Each structure stands twice: as structure tokens, then as C-alpha cells.
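Architecture and fold: a report
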Amino acid sequence: MRLVDSHCHLDLPQFDEDREEVMTRAREKGVERIINPGIDLDGCRCALKLAEQFEELYVAVGVHPNSADSFDADALSSLAEMTKHPKVVAIGEIGLDFHWKTSAPEVQRRVFAQQLELAAELGLPVIIHSREANSAIREMVGEWIAGASFQRSPLAQRPFAGVLHAFHGDLSLAEEAYRWNFVLGLGGPVTFRNARSLRELAPKLRLDRLLLETDAPYLAPHPLRGKRNEPAYVTLVCEELAHLWALTPEEVAVQTTATALRLFGLEDRFGVDFSTHVTAVHS
Ligand code: NI
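Presented here is a report on the structure given in the accompanying data block. None of these values were measured; they are calculated from a predicted model.

Rules behind the numbers
Residues numbered from 1 in each chain as written. Predicted model: local features only at pLDDT ≥ 70, side-chain atom pairs only at ≥ 80, totals over all residues. Heavy atoms only, no water. Axes fitted to C-alpha atoms, helices over the stretch in contact; angles between N-to-C directions. Helix = DSSP H or I, 4+ residues; strand = E, 2+ residues; numbered from the N terminus. Left-handed = near helix turned anticlockwise from the far one by under 90°. Contact = heavy atoms within 4.5 Å. Nonpolar A, V, L, I, M, F, W, Y, C, P; charged D, E, K, R; others polar. Pairing = 2+ DSSP bridges. 1 Å grid on protein atoms, 1.4 Å probe; cavity = no way out; pocket = protein on both sides within 12 Å on 5 of 7 lines; lining within 4 Å. Points joined across faces, edges and corners; volume = space filled by probe spheres on them. Buried < 20%, exposed > 50% of the residue type's maximum accessible area, 1.4 Å probe, protein only. Arc of directions from axis to C-beta. Donors = N, O, S within 2.8 Å, 3.2 Å for Na, K, Ca; no water. Tetrahedral: all angles 85-135°; square planar, octahedral: opposite > 155°, others 65-115°. Salt bridge = Lys/Arg side-chain N within 4 Å of Asp/Glu carboxyl O.

Our next topic: the packing of helix H3 (residues 75-82) against helix H4 (residues 105-122). A pair of packed helices is characterised by two quantities: the angle between their axes and the separation of those axes. Running from amino to carboxyl end, H3 crosses H4 at an angle of 35°, the nearest separation of the two axes being 11 Å. For the pair H3 and H4, the crossing hand works out as right-handed. Contacts from Leu-76, Leu-79 and Ala-80 in H3 reach Gln-114, Gln-115, Leu-118 and Leu-122 in H4. Here the residues of the contact of H3 with H4 are counted per class, giving five nonpolar, two polar and no charged.

Taken in spatial order, the eight strands make up an open sheet running E1-E2-E3-E4-E5-E6-E7-E8, and their pairing is parallel. Strands at the two margins of the open sheet, each flanked by one partner only, are strand E1 (3-5) and strand E8 (210-212). Along the sheet, successive strands turn relative to each other by an average axial angle of 30°, direction set aside. Of the pairings in the sheet, the one linking strand E2 (residues 31-37) to strand E3 (residues 57-61) comprises four bridges and is parallel in character. Considered in E3, the bridge of Ile-35 is made with Tyr-58. The strands that helix H9 (residues 234-245) touches are E1, E2, strand E7 (182-186) and E8; relative to E8, the one it contacts most, it runs at about 140°.

Here the focus is empty space enclosed by the protein. With the rule as written, the count across this model stands at one cavity of 30 Å³ or more. Looking at the largest cavity, its volume works out to about 40 Å³. For the largest cavity, the full set of lining residues is Ser-130, Asn-134, Leu-164, His-165, Ala-166, Phe-167, His-168, Gly-169 and Leu-173. For the lining of the largest cavity, a count of residues per class yields four nonpolar, five polar and no charged.

A word on H3. Listed in full, the buried residues belonging to H3 are Ala-75, Leu-79 and Met-82. End-on, the buried residues of H3 take up no more than an arc of 60°, which puts them together on one face. At its buried positions, H3 is contacted by helix H2 (41-53), E3, strand E4 (88-97) and H4.

Now for the coordination of the nickel ion. Surrounding the nickel ion are the protein donor atoms His-7 (NE2), His-9 (NE2), Glu-93 (OE) and Asp-215 (OD), at 2.1 to 2.5 Å. Around the nickel ion, the four donor atoms are arranged such that angles at the metal cover 81 to 170°; this shape is classified as irregular. Each donor residue of the nickel ion belongs to the same chain, with the gaps between them written as H-x1-H-x83-E-x121-D. This pair shows no difference in class: His-7 is buried, exactly as His-9 is.

A separate point is the pattern of salt bridges. Considering all chains together, one arrives at 16 salt bridges under this definition. Between Asp-42 and Arg-45 there is a salt bridge; the shortest N-O distance is 3.1 Å. Highlighted residues: Asp-42 and Arg-45, both in helix H2, separated by three residues, approximately one helical turn. Using a relative accessible area of 58% as the deciding quantity, one classes Asp-42 as exposed. A residue is classified by how much of its surface remains accessible, and Arg-45, at 38% relative accessible area, is partly exposed. With its nearest N and O atoms 2.8 Å apart, the salt bridge here joins Arg-179 to Glu-176.

Structure below.
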């Protein structure tokens, strides 16, 4: 199986002791591409250094809503500067978090809106975090997609414009996301035995609009829940989705890998003719 972990925070200190081994274990499981979104400017810089060290690692640059207070006047130009690095493939992780509220909602909204504009300006897809904020996300992303800066952006011509990472909305939000030309990321939570609504929703989602993710070091999938997560465990998410869809893990891997490569513009760097893979097994 060839897999992509579309969301992993390998720059965090939880991996300082054994990053090489973590990458080796991922490789052994067929995880051939890993996307590392930054959560603040220092994290983005650290992720870029790692991407120079590890061939399979690519980076999204952005400021997470929980770090929104650190987003000063220079932050936007620093992010823009970093996107010149050849391994930057997206803007993220950006969004809204009304659970922790480490920054005031108005500050989060402003910082999110500015980074959405940056993504449109640069033609890069977005990786969106939403926690207890789905209705505000729906409103803000909807306005952004309908707005002039998105409509005239090269982003409007790409196969996909972004991902709602760690998707936990309802079918109506999923369908809205498809209309935006977005895809949805699923990770550890879909394997949790008590995540009933998400497990019921999952097989109703479009498999050709789905990405696998770990969000490592957080949210380790069942039966490793509570442990430190790592990219190799994306196989557990793949197997669980295969079970929920009544497909083979290979079928889920082929579809989700093709979608991830198209979203992040990595098809030609992967060396596969993905066009033969994009058949809707289930939609
Ligand atoms: Ni994350």
C-alpha cells in the first residue's frame, strides 16, 4: 500500500528523541508522503528544516487559531516568504478553535481571514482546523470561496481548494465542502469505539473526497488511543475506513492517496499515473 499522512506535526518536541525511527517506521508501512502543517512561525521554520532532511516530508505554513495572538504585522510577510520554499504545498494549519479560546474569537477570525486571503493570492490550498466552530467556518469559508480574490485566484482552477482536517461535521457540512471543491480529512477519532456519530457518518462521505491523516502526536487511533501517535499508524485509520466502507484497505489507500496528491499538487513528484486511480469506487 502507498499511503499519505496528510496531517502530522513532526516538528513538535514529542518527536525530538526518535524522529529518524518514526520516519523509518512510516516508510516500512508504505507512508510515502507526509504533510506537516506548522502551528506558528517557529514551527513552520522547524518543519521546513525537517523537510530538507526527509524526502517524503512536505510542509504547510500557517498560524493555528490557538496561536492567533502571536500573529503580528510581520507574520503575513514571513509566511509569504516561506512559501517560496519548494517543499511548501499549502497554507495551514489555519482556522477557528472556540473550545480552547486561547485567543479571542474576533482575533481568530481576523487571523484566519488574512491567511485565507494569502492562500488565494498565492494559489495554495488550505488546511483548516475547526473546533466547536463549524458554523463560523462554514460562513467564513463560504464567503471566501464566493469572493473575488478566490474566484480570480489560480486556486479556483486547482483540482481541490482545501481540506477540512479532522472532519467532525454533519452530512450537510460535508456536502457544502464538496461544493467548495474541498476534501475532508479523517484520522484517529473515526476509529474510536465511542465515536458513534462519526462512524455512522463516515461511509456516507465520498471516498474520492477523503484524506487519511494522523494529526500525530495527537489522537492515536484505536487500539493505541492515548499513546503518542505517529505517521505509521495511518494504516490503522485506513483499515478502519475499509471496514466501515466494506472495501479492502488497498482500495481505500489508492483513492485517498490519489486525492491527497492532487490536493497538494504532488502527483508528478510521486511517480505514479494517478489518473488510472481516480475511479469512484464509492460515492
Ligand atoms: Ni493539527
